[in-house]
Amino acid sequence: MSAGLTLKKDLAKILLYSLLSLFLIPVFTYWFAQYVENKQDEKFIAYVSQEISSDGKLTADEKFQQQEFFRLYPPSKICDNSSVEANDYRARVCAPYSDNWQFIMARKVAAWTITGGAVLLLTVFLLGAFAFLNEKAQYLSFVTGWRVLTFSCAAGTIAQGAMLMWLSFWITAYFMNRYSVKLIAVAVIFVAIAVFYVIVSIFKRVKNDHQIQGELISEQAAPGLWQRIRDLATRLKTAAPDNIVAGIDANFFVTESPLNVSGRSLRGRSLFISIPLLRLLSQSEADAVLAHELAHFRGGDTANSAALGPKLAQYDQYCFEMRSAHVPTVFYLMCLYRMIFEIASARNSRDREFLADRIAAKIIAPAAVTHSLIKIAAYANYRNEIENQLFSRNERQGSSLGIAQFVASGLHPYARSSDFLTTMKHASVPHPYDSHPKMTERMENVGHIIAETGYGAIVTSVPEKTWAADIQTADEIEARLWTSYEEDFSQAHEHSLAYRYEPANEEEQALVLRYFPPVEFSLKEGKAIQVTYAGWILPDETEPVSWDRVATYEYEDGMMSDVLTIKHPEKGMLGAKSTKVKLPGIKKVREEFKNVSGHYWHRHQVMRHQQASS
């Protein structure tokens, strides 16, 4: 399925959910209130007409006039009538909090909520369309959308919550002539929690410092590189970066957002350079990359991203909170706007990348831009392939993996392979902040297209001079960063093995136990239930109920005793077999038991899935 079709389906899905979350409760409330009012009006008019008809003191004309009046102004309509002669009638049926008053108010609140939802939905589309204009419009759109949506959705949640609580009483009261205290209590608790999360989460702040794995490069450590960057900035008529950070990631980028580098907080303009890529690129090719990045400074891209970044993070955090709290009245509409905004942002990002490439081609050379694109894409794809191969291995690896050596020694043979051309056909240059266009589109943009058959020769060409050689501390920095990176990689790989191993031997068992040790939960009367990687060891049992014998399980909180119901894969006389286990005294650690059980059961499912797919 194409990415465009997938995006359309996702948008349609989110739009449908948004419509349901905005209108389902208020439309139902409006219908229910209208339905009951009509029924009550019919009963009232029938009763009053009978009373008037049987009144011997009235003439036929008086009877007709009074009956016509009540037909025109039944209880559902008289409350909005201000005529003096209807004062007594209005006072009797429109008293605050009376049944008739409640239904009229419910219908009005529902109508206003529906209108407000329609206006809010239209606002989302208008703000989304505005974001397509330019970067400034994007910023204004998002800031406005963020505030309008959060406070409007909060108001909508309160209104829908009130309707839900009202419905929880009146639906059963009207149709069954009784009401459920439990249903009302559940509705009240649900609404109270939702409103609490909606309001509190608006003011929750998000930490915005980006953690970067790298080290600062001083001017003394790389005087030639610093001077070259300043010269390029001067030619581009923009200020040079305040900080240069060197790392081993397979990309270059600039930012004006706060950065955290090795525990140090950086402010101002920062340029990230990749030492492995600088070793691969000639100075002119690296100049093209640096000019491209500095062009983002000149265009105001980084300033806009720095201003918008914290708000995006806060918005996304708010959406996460609403999803976790199961508040659909907020979550789906905010997701809809976020998706529209992301489409606008991606289009704007493409335009910025194309412009930065053209600027780099103008002040350096189109060929240098194209060559750098090919080399960076080749390195990034091959390194990713090597790391995937290492991570997929089912045996433990030491902390010294030699990823850098693998990539350095294997890149040239890879560039001559048939897999290389297949991969590079759809390659793009990686970037931590933007969605970059495909490499072929960027070549066409700068007017220097290289045939796929020529990619290999470019990648395998060895530059005479590189800017990496100008960084006096490059070797030491690279060694430290690769050591740290490979330690983290090895630890993550080992953790993944704890999910993959059954285990089949003592060594594998020791690793699984390191991450999934037995956890015991005390019960009353000195009993306990234990959760292990193999399954549950139930009270008074010594052997575990294997996870393979658990199709699903349910946990029921109880006043006297919680109950764990284990449903087995095998069938019995009356359906699936099940085991019920009472857990008296577990209340204090109930949530921990649920979390540990779910975590260990999930590990087992991952392990079996891994075995089936290998």
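Residues numbered from 1 in each chain as written. Predicted model: local features only at pLDDT ≥ 70, side-chain atom pairs only at ≥ 80, totals over all residues. Heavy atoms only, no water.

### Some points on the pairing of strand β8 (residues 519-522)
Summarising the sheet, β8 and strand β9 (residues 528-531) pair through 4 bridges and their orientation is antiparallel. By the bridge assignment, E520 is partnered in β9 with Q530. Hairpin connection between β8 and β9: a loop of 5 residues separates the two successive antiparallel strands, and E525 in this loop has a positive phi of roughly 60 degrees. (Pairing = 2+ DSSP bridges. Helix = DSSP H or I, 4+ residues; strand = E, 2+ residues; numbered from the N terminus.)

### Concerning the sheet that holds β9
The sheet built from 4 strands is open, its strands ordered β8-β9-β10-β11 with antiparallel pairing. Strands with a single pairing partner mark the edges of an open sheet, and in this sheet they are β8 and β11 (545-546). The pairing of β9 with strand β10 (residues 535-537) spans 2 bridges and is classified as antiparallel. Bridge pairing in β10 places Q530 opposite I537.

### Notes on the sheet that holds strand β7 (residues 270-274)
In spatial order, the strands read β2-β3-β7-β4; together these 4 strands make up an open sheet with mixed pairing. Each edge of the open sheet carries a strand with a single partner, namely β2 (215-216) and β4 (253-255). Examined bridge by bridge, β4 and β7 share 3 bridges and lie antiparallel to one another. Bridge pairing in β7 places T255 opposite S270.

### Quick look at the packing of aromatic side chains
For any pair of aromatic rings, the description consists of the separation of the ring centres together with the inter-plane angle of the planes. Scanning the entire structure with this criterion turns up 42 aromatic pairs. Taken together, a centroid distance of 5.4 Å and an interplanar angle of 20 degrees make the contact between W31 and Y35 stacked. Of this pair, W31 and Y35 both sit in helix α1 (residues 3-53), separated by 4 residues, roughly a single helical turn. Using a relative accessible area of 29% as the deciding quantity, one classes Y35 as partly exposed. Seen from the ring of Y485, R383 lies directly overhead, with NZ or CZ sitting 5.2 Å from the centre. The aromatic ring of F516 is capped on one face by R603, whose charged end is 5.7 Å from the ring centroid. (Phe/Tyr/Trp six-rings, centres within 6.5 Å; stacked < 30°, edge-to-face > 60°. Buried < 20%, exposed > 50% of the residue type's maximum accessible area, 1.4 Å probe, protein only. Lys NZ or Arg CZ within 6 Å of the ring centre and 35° of its normal.)

### What to know about a nonpolar patch on the surface
A grouping of L16, Y17, L20 and L24 is seen on the molecular surface, where their side chains present a nonpolar patch of about 370 Å² in accessible area. With respect to the element layout, L20 can be found in helix α1. Overall, the relative accessible area of 42% leaves L20 in the partly exposed class. (Patch = residues over 30% accessible without salt bridge, like charges linked within 9 Å, V, L, I, M, F, W, Y side chains within 5 Å. Areas by Shrake-Rupley, 256 points an atom, 1.4 Å probe, with all protein chains shown as cover. Salt bridge = Lys/Arg side-chain N within 4 Å of Asp/Glu carboxyl O.)

### Considerations on the state of the cysteines
For the structure on display, the rule yields 1 disulfide. Disulfide partner of C79: C94, at an S-S distance of 1.9 Å. Every disulfide takes its handedness from the sign of the S-S torsion; for C79 and C94 that torsion is -100 degrees, giving left-handed. Of this pair, C79 sits in the loop between α3 (75-78) and α4 (87-93) while C94 sits in the loop between α4 and α5 (99-130), placing them 15 residues apart in sequence. C79 gets classed as partly exposed once you look at its relative accessible area, which sits at 23%. (Disulfide = S-S within 2.5 Å.)

### Digging into the pattern of salt bridges
What the rule picks out here adds up to 27 salt bridges. Residues E68 and R71 are paired through a salt bridge, measuring 3.0 Å at the closest nitrogen-oxygen approach. Of this pair, E68 and R71 both sit in helix α2 (residues 60-72), 3 residues apart, which is roughly one turn of the helix. By relative accessible area, E68 is classed as partly exposed at 28%. Here R228 ties to D287 by a salt bridge, and the two come within 2.9 Å at their closest N and O atoms. Of the two residues, R228 sits in helix α8 (residues 223-235) while D287 sits in helix α10 (residues 283-298), which places them 59 residues apart along the sequence. Connected via shared salt-bridge partners are D557, D562, R590, E591 and K594.

### A closer look at the layout of surface pockets
The computed volume of the second largest pocket comes to approximately 390 Å³. Around the second largest pocket, the lining comprises 20 residues; the ones closest to its centre are P276, R279, A404, A408 and E478. Listing elements by their share of the lining of the second largest pocket, those giving two or more residues are α9 (275-280), α14 (403-415) and α18 (474-500). In terms of residue count, α14 provides more of the lining of the second largest pocket than any other element does, 6 residues in total. Residues belonging to the lining of the second largest pocket are distributed by class as follows: 12 nonpolar, 5 polar and 3 charged. (1 Å grid on protein atoms, 1.4 Å probe; cavity = no way out; pocket = protein on both sides within 12 Å on 5 of 7 lines; lining within 4 Å. Points joined across faces, edges and corners; volume = space filled by probe spheres on them. Nonpolar A, V, L, I, M, F, W, Y, C, P; charged D, E, K, R; others polar.)

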